[in-house]
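Here's the letter readout for the chains.
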Amino acid sequence: MQRRFYYTRHIHNEYIESAVHAVCLDHLTFAYPGKAPTLTDIHFCVAQGERVALLGPNGAGKSTLLKLMAGLLKPTSSSATQAPMIKIFEAPIDTCHPHTAYLAQRSEVDWRFPITVRDVVMMGRYAHLGWFSRPNKIDTHIIDEVLEIVGLTALAQASISDLSGGQQQRTFIARALAQNARLLLLDEPFNNLDAPSQRSIIELTKLLQSQGKTIIISTHELGSVIAGDVAETVILLNHNIIAIGSPAQVVRPDVLAQAYL
Amino acid sequence: MSILEPLTLVFMQRGLAAGMLVAVACGLLGCFVVLRGMEYIGDAIAHSVFPGVVISYAIGSSLLLGGLVAGLATALLISVLNRGDKLKDSTTIGVVFTGALALGVLLMSVLRGSTRDLSHFLFGNILGVNDSDLIFTGILALVVFVCVILFYKELTLSSFDPTHARKIGIPVNSLRTGLLILLTLTIVAGAQSVGVLLVTALLITPAATASLLSRRLPRMIGIASGLAVSSVFIGLYASYFFDVSSGAAIVLVVTIYFLIVWLFVSKRY
């Protein structure tokens, strides 16, 4: 067996599969340096296998919350409690967790980068390759499989610059699958997508949910939550949590007014 | 005059060998520099190599070594000043490289009268390459080549998507510092052949040309290195037969490549 130099402490799948919650936030507070708090007293848990929508107006702190859950930002600590404010798979959060995937907004990606769909998806495997090792047959097989799942097999050798918005989104979901991530954090995946593309992303997340993945999607578009079945749990956010519940409970004029007005 | 005549001359052989080694390194690294938008920092390092050269000239040590120390110090200083995200990259770079350039000019005015060799360093003196310079350049090029191959995977990922790279535990900041060090090595080696003022062109222009021609990174790197190597060859030949500055001739060849490719590509769309 080949010895590998992983980038980070490697966590075994069995341990993660047995966790009840994918994410637990304990009275989380966050402020960017020198600014008023972006998030205050955020308190909720997401069970494994749940699909959650983070709904809120622009600037409500949705992206910040996703980045905190991804470990890309550190919560602003309060001296009162020593307990970790974020737990991922019931363990205190690490910056690098090989089993969570954060999908940045499409506007944050350089789409002119000279790279193919297949190469991008292969980057998901890097988490399990570590330094100095190259993808082997198993990795190649995994890539074939996930490309099939997201329906990009025919476009595997295409440049990412040639993709439509929906295809770009699916490429990054495929990368998260290749990474074997069990928690997918999708930042505004529906931005600038037409209705059929939104539909196909929603169907894809449903499929992933049936395979035990936990999915958290941020969106500011009420339409996609109202019309579709983006998630069975909706968290309405505007710096703090306004409401948590099923779409029927949260997506109501009187509740939404508290966040959007 | 025979077309093969330059190849029989020892100083031309050395110049060609040194220039081609530098060109390969420039083609390799230039692609990452262009893709990461680090062109400005490359230019900054090139300029900050200057005071190091002046100091080593004054104390009589190797110009390449002095340039290397100054360039590395600048690269590290920029990466330290950028920690904490208080300032934009381009701001700290602007501050550091103008300061370094001023320091070089100041030191040069102290050493007035003995600046002839320094102009070689500013504008290149590829035909003045001696054996120890050639060995030094060869080692630098080899280090760059080996590092890019060993860390190709991580360099590509952290250039394309630093967030994902951080997420899976790749030390993005250390990689960036490492890339800056390689960049400095290449710039110092390139300063000998085309000079510190023109070396940025050898780094950026072939990579920019290649990015117009290919949408696969490995191919882009191959094209960039090929263009850089051939421009050293053509530029050096031109400077031999027409008796013009070799550094300028090399840079003009890459610039012409770029313009031709740009015209060709923009006609297609």
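The shown structure was predicted, so the numbers you read here are calculated from the model rather than taken from an experiment. (Residues numbered from 1 in each chain as written. Chains lettered and ligands numbered in written order. Predicted model: local features only at pLDDT ≥ 70, side-chain atom pairs only at ≥ 80, totals over all residues. Heavy atoms only, no water.)

### With respect to the interface of chain A and chain B
Of the residues lining the interface, 35 residues belong to chain A; the matching set on chain B comes to 24 residues. Summed over both partners, the interface of chain A with chain B comes to about 2700 Å²; 64% of that surface belongs to carbon and sulfur atoms. When the buried area of chain A at its contact with chain B is split by residue, F113, P114 and W131 of chain A rank highest and sum to 24% of it. At the junction of chain A and chain B, the tally comes to 2 salt bridges. For the interface between chain A and chain B, the tally reads 13 residue pairs in polar contact (both at pLDDT 80 or more). (Contact = heavy atoms within 4.5 Å. Buried area = accessible area lost by both parts, 1.4 Å probe. Salt bridge = Lys/Arg side-chain N within 4 Å of Asp/Glu carboxyl O. Polar contact = N/O pair within 3.5 Å; in protein donor to acceptor, adjacent residues only side chain to side chain.)

### Topic: helix α10 (residues 253-260) of chain A
Taken together, the buried positions of α10 of chain A are V255, L256 and A259 of chain A. Considered in projection along α10 of chain A, the buried side chains sweep an arc of 90° and stay on one side of the axis. (Buried < 20%, exposed > 50% of the residue type's maximum accessible area, 1.4 Å probe, protein only. Helix = DSSP H or I, 4+ residues; strand = E, 2+ residues; numbered from the N terminus. Arc of directions from axis to C-beta.)

### A word on the nonpolar core
I173 of chain A together with F160 and L183 of chain B are the most contacted members of the largest nonpolar core, which has 115 residues in total. Among the elements that take part in this core, helix α2 (residues 10-35) of chain B stands out by supplying 13 residues, more than any other. Ignoring anything within four residues of it in the chain, the contact list for F160 of chain B reads V109, D110, F113, I115, V120, M123, I160, F172 and R175 of chain A. (Core = buried A, V, L, I, M, F, W, Y, C linked by side-chain atoms within 4.5 Å.)

### Looking at the sheet that holds strand β5 (residues 91-92) of chain A
All names here are of chain A. Taken together, the 4 strands give an open sheet; going across it, the order is β2-β1-β4-β5, and neighbouring strands pair in antiparallel fashion. Only two strands of the sheet have a single neighbouring strand rather than two, namely β2 (39-47) and β5. Here 6 bridges tie strand β1 (residues 21-30) to β2, and the two strands are oriented antiparallel to one another. Bridge pairing in β2 places V23 opposite V46. Docked against the sheet, helix α2 (residues 62-69) engages β1, β2 and β4 (86-88), running at close to 120° with respect to β1. (Pairing = 2+ DSSP bridges. Axes fitted to C-alpha atoms, helices over the stretch in contact; angles between N-to-C directions.)

### Some details on the state of the cysteines
Scanning all chains against the criterion turns up 1 disulfide over all chains. With no disulfide of its own, C26 of chain B has C31 of chain B as its nearest cysteine by sulfur position, at a separation of 11 Å. (Disulfide = S-S within 2.5 Å.)

### Things to note about the side chain of S159 of chain A
Relative to the assigned elements, S159 of chain A resides in the loop between α5 (137-150) and α6 (165-178). A relative accessible area of 5% means that S159 of chain A is categorised as buried.

### Quick word on the packing of aromatic side chains
The full count for this structure, using the stated rule, is 14 aromatic pairs over all chains. For the ring pair Y40 of chain B and F97 of chain B, a centre distance of 6.0 Å and an interplane angle of 90° mean the geometry is edge-to-face. Of this pair, Y40 of chain B sits in helix α3 (residues 39-59) while F97 of chain B is found in helix α5 (residues 89-110), placing the two residues 57 residues apart along the sequence. Ring geometry for Y240 of chain B and F241 of chain B: centres 5.3 Å apart, planes at 90°, overall edge-to-face. The class of F241 of chain B is partly exposed, set by a relative accessible area of 27%. The rings of F5, Y7, W131 and F132 of chain A together with F151 of chain B are connected pair by pair, giving a single aromatic cluster. Geometry around Y126 of chain A places K153 of chain B over its ring, the cationic atom sitting 5.7 Å from the centre. (Phe/Tyr/Trp six-rings, centres within 6.5 Å; stacked < 30°, edge-to-face > 60°. Lys NZ or Arg CZ within 6 Å of the ring centre and 35° of its normal.)

Bear in mind that shape data such as this cannot, by itself, settle questions of function.
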